[in-house]
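# Chain and residue survey
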Amino acid sequence: MSSANQVLIAIIGAGGVGKCFLSQLQTLASRRPTPKLSICYISTSKKALFNNDYSPIPTETAVDELAASTKVPFALPNIVDYLAAAPSKVILVDNTSSQDVADAYPSFLSRGISIVTPNKKAFSGSYKLWQEIFAAAADSGAKVYHESSVGAGLPVISTLKDLVDTGDEVTKIEGVFSGTMSFLFNSFAPLEGSGGQWSAEVKKAKELGYTEPDPRDDLNGLDVARKLTILARLAGLPVESPTSFPVQSLIPKELESVSSGDEFLQRLPEFDSQMEETKAAAGNQGKVVRFVGSIDVATKAVKVGLEMFDRSHPIAALKGSDNIISFYTKRYGSNPLIVQGAGAGGDVTAMGVTSDLLKVISQISK
Ligand SMILES: NC(=O)C1=CN([C@@H]2O[C@H](COP(=O)(O)OP(=O)(O)OC[C@H]3O[C@@H](n4cnc5c(N)ncnc54)[C@H](OP(=O)(O)O)[C@@H]3O)[C@@H](O)[C@H]2O)C=CC1
Ligand SMILES: N[C@@H](CC=O)C(=O)O
Ligand code: NA
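An unreviewed UniProt entry lists the protein chain under the name Homoserine dehydrogenase, from Pseudomassariella vexata. One UniProt comment on the protein chain, placed under Catalytic activity (unreviewed entry), says "L-homoserine + NADP(+) = L-aspartate 4-semialdehyde + NADPH + H(+)". If you open the UniProt record of the protein chain and go to Sequence similarities (unreviewed entry), you find "Belongs to the homoserine dehydrogenase family."

Here it is in structure tokens:
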């Protein structure tokens, strides 16, 4: 097959989002004969599948073959070399939450390998890494898309980019940015009824695939802080890192030093009374408590934490894992542009990754 008619896809990470992505890729490939989309590399942290001659790994059996594989993953610099030597254009799909993989983006991009990813780490790490990523992409012409790094498949990043690129002035972004936190508060402190037990809801959120691989990364507020860092940077604020502004953690002090996520989940029920007190304090004022974030562009103030809301407020009425993100801009005036819907879950996150993949394909296979 001529290299122009083929795009090779390398996938790192085949967990909740990765498996849903593979299923969507199968549908996509069956509906879109050209260019032919072929997987040339797929790995988890322990196993890998690849052929030295880049011949395709069948999408429909990739998960099972990967589980049975005896090959180990290449080191990251070797993945870069392997993909850079491929006979066709390559798109790397990073479905991990790995900082190491994120740190390697400039190397991939500078060798012409495009990237699509739901991983927040590259875009919310140091500002230097952010600059290196976009400089490498600009130099080589490789593309980098990360819609699902904020609001899963919801059009949050594309909306913000469109506002900025068309000359609107974003003044404030605020809302609920975590599917896990939304699910937790909507079920633990619902508008109607008494709600579930905090620790049991945390376990449920993990089982539903909403949490980060380690749910403490959601409960400590860092996941939301990462998303706000990404949005603030896109809105023009050079935020240094997700720890450079106030972030409220919901990890009980006594559990801050436990070593594993499993031990944390096991001991969390001991501290349910702390969250019950927070819920009661809001209830006593006729309000509900929710976990929110905001970026005030003019004052450069970014913050993440608990706030109380009137029961009639749209944030109080969210359902399931819904996010709600309001963009206040000069053009939209006092009625913000609002994006709302499921903000976590394998399928809705993979949708953002797959649609990013389509955008990259349309740009690199002209
Ligand atoms: N779940 C969701 O709702 C959303 C998730 N995201 C983001 O999507 C990404 C994936 O999330 P999710 O699928 O839920 O996570 P999972 O834990 O289910 O899957 C992660 C996958 O990445 C693999 N992995 C981790 N580190 C490495 C590494 N260094 N090299 C190769 N493979 C690695 C894991 O392999 P192994 O099992 O061997 O460790 C696993 O296959 C994360 O960045 C998350 O923040 C974004 C929006 C929503
Ligand atoms: N853990 C995250 C997943 C999506 O980014 C969340 O709950 O929002
Ligand atoms: Na999104």
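After that view, the rundown keeps rolling.
Another point: the domain arrangement of the protein chain. Each domain of the protein chain was delimited in the assignment, giving domain 1 (3–152 + 347–364) and domain 2 (156–343). Centre-to-centre separation of domain 1 and domain 2, based on C-alpha positions: 28 Å. Roughly 1,700 Å² is buried in total at the junction of domain 1 and domain 2, and carbon and sulfur atoms are behind 61% of that figure. When the buried area of domain 1 at its contact with domain 2 is split by residue, Lys120, Tyr127 and Val150 rank highest and sum to 34% of it. Summed over the shared surface of domain 1 and domain 2, the number is 2 salt bridges.

Taken together, 23 residues surround ligand 1, and among them Val17, Ser45, Thr96, Glu212 and Gly345 come closest. Within the contact set of ligand 1, an oxygen atom lies 3.4 Å away from a side-chain nitrogen or oxygen of Thr349. In isolation ligand 1 has 900 Å² of accessible area, and contact with the protein removes 77% of it. Both domain 1 (3–152 + 347–364) and domain 2 (156–343) contribute no fewer than three residues apiece to the shell around ligand 1.

With that settled, the discussion passes to the site of ligand 2. Neighbouring ligand 2 are the residues Lys120, Ser178, Gly179, Thr180, Tyr210, Thr211, Glu212, Asp218, Asp223, Lys227, Gly343 and Ala344. Separating an oxygen atom of ligand 2 from a side-chain N or O atom of Lys120 is a distance of 2.9 Å. The contact in question runs from a nitrogen atom of ligand 2 to an N or O atom on the side chain of Asp218, over 2.7 Å. Against a free-state accessible area of 250 Å², the protein chains account for coverage of 94% of ligand 2. Breaking the shell around ligand 2 down by element, the ones donating at least two residues are helix H9 (179–188) and helix H12 (222–234).

Let us now look at the coordination of the sodium ion (ligand 3). With distances of 2.3 to 2.5 Å, the protein atoms coordinating the sodium ion (ligand 3) are Glu147 (O), Glu147 (OE), Val150 (O), Ala152 (O) and Leu154 (O). Sequence positions of the donors to the sodium ion (ligand 3) reduce to the motif E-x2-V-x1-A-x1-L. Judged by relative accessible area, Ala152 falls into the buried class, the value being 5%.

It is worth spelling out the environment of Thr229 at this point. Positionally, Thr229 belongs in helix H12. Through-space distance from the C-alpha of Thr229 to that of Gly18 is 24 Å; in sequence the pair is 211 residues apart. If we skip the residues at most four places from it in the chain, Thr229 touches Phe123, Ser124, Val239, Ser241, Pro242 and Phe245.

Our next topic: the pattern of salt bridges. All chains considered together, the criterion is met by 14 salt bridges. Note that Asp223 and Lys227 form a salt bridge whose closest N and O atoms lie 2.7 Å from each other. Here Lys227 and Asp223 lie together in helix H12, a separation of 4 residues that amounts to about one turn. Of the two residues examined, Asp223 and Lys227, each falls in the buried class. Salt-bridge contacts for Arg267 lead to Glu270; the nearest nitrogen and oxygen are separated by 3.3 Å.

Turning our eyes to something else, we now look at the packing of aromatic side chains. Enumeration over the complete set of coordinates arrives at 14 aromatic pairs. Ring plane angle 15° and centroid distance 4.6 Å describe the contact between Tyr54 and Tyr82, whose orientation is recorded as stacked. Here the residue Tyr54 occupies a position in the loop between strand S3 (48–50) and helix H2 (62–68), and Tyr82 occupies one in helix H3 (residues 76–84), the gap between them amounting to 28 residues. Both residues of the pair, Tyr54 and Tyr82, count as buried. Judged by centre distance (6.3 Å) and plane angle (45°), the ring pair of Phe123 and Phe134 falls under tilted. Note that Phe123 is positioned in helix H6 (residues 121–124) and Phe134 in helix H7 (residues 127–140), a separation of 11 residues in sequence.

Looking now at the UniProt feature "binding site: L-homoserine" (unreviewed entry) in the protein chain. The UniProt feature table records "binding site: L-homoserine" (unreviewed entry) at Glu212. By secondary structure assignment, the location of Glu212 is in the loop between helix H10 (198–207) and helix H11 (216–219). Non-local contacts of Glu212, meaning those with residues more than four positions away in its chain, are made with Ser97, Lys120, Asp217, Asp218 and Asp223. Engagement of the side chain of Glu212 in a polar contact is seen with the side chain of Lys120, the distance being 3.0 Å.

What counts as what
Residues numbered from 1 in each chain as written. Chains lettered and ligands numbered in written order. Predicted model: local features only at pLDDT ≥ 70, side-chain atom pairs only at ≥ 80, totals over all residues. Heavy atoms only, no water. UniProt positions renumbered as here; feature names shortened; annotations may be inferred. Domains from an automatic or database assignment. Buried area = accessible area lost by both parts, 1.4 Å probe. Salt bridge = Lys/Arg side-chain N within 4 Å of Asp/Glu carboxyl O. Near = heavy atom within 4 Å. Polar contact = N/O pair within 3.5 Å; in protein donor to acceptor, adjacent residues only side chain to side chain. Areas by Shrake-Rupley, 256 points an atom, 1.4 Å probe, with all protein chains shown as cover. Helix = DSSP H or I, 4+ residues; strand = E, 2+ residues; numbered from the N terminus. Donors = N, O, S within 2.8 Å, 3.2 Å for Na, K, Ca; no water. Buried < 20%, exposed > 50% of the residue type's maximum accessible area, 1.4 Å probe, protein only. Contact = heavy atoms within 4.5 Å. Phe/Tyr/Trp six-rings, centres within 6.5 Å; stacked < 30°, edge-to-face > 60°.

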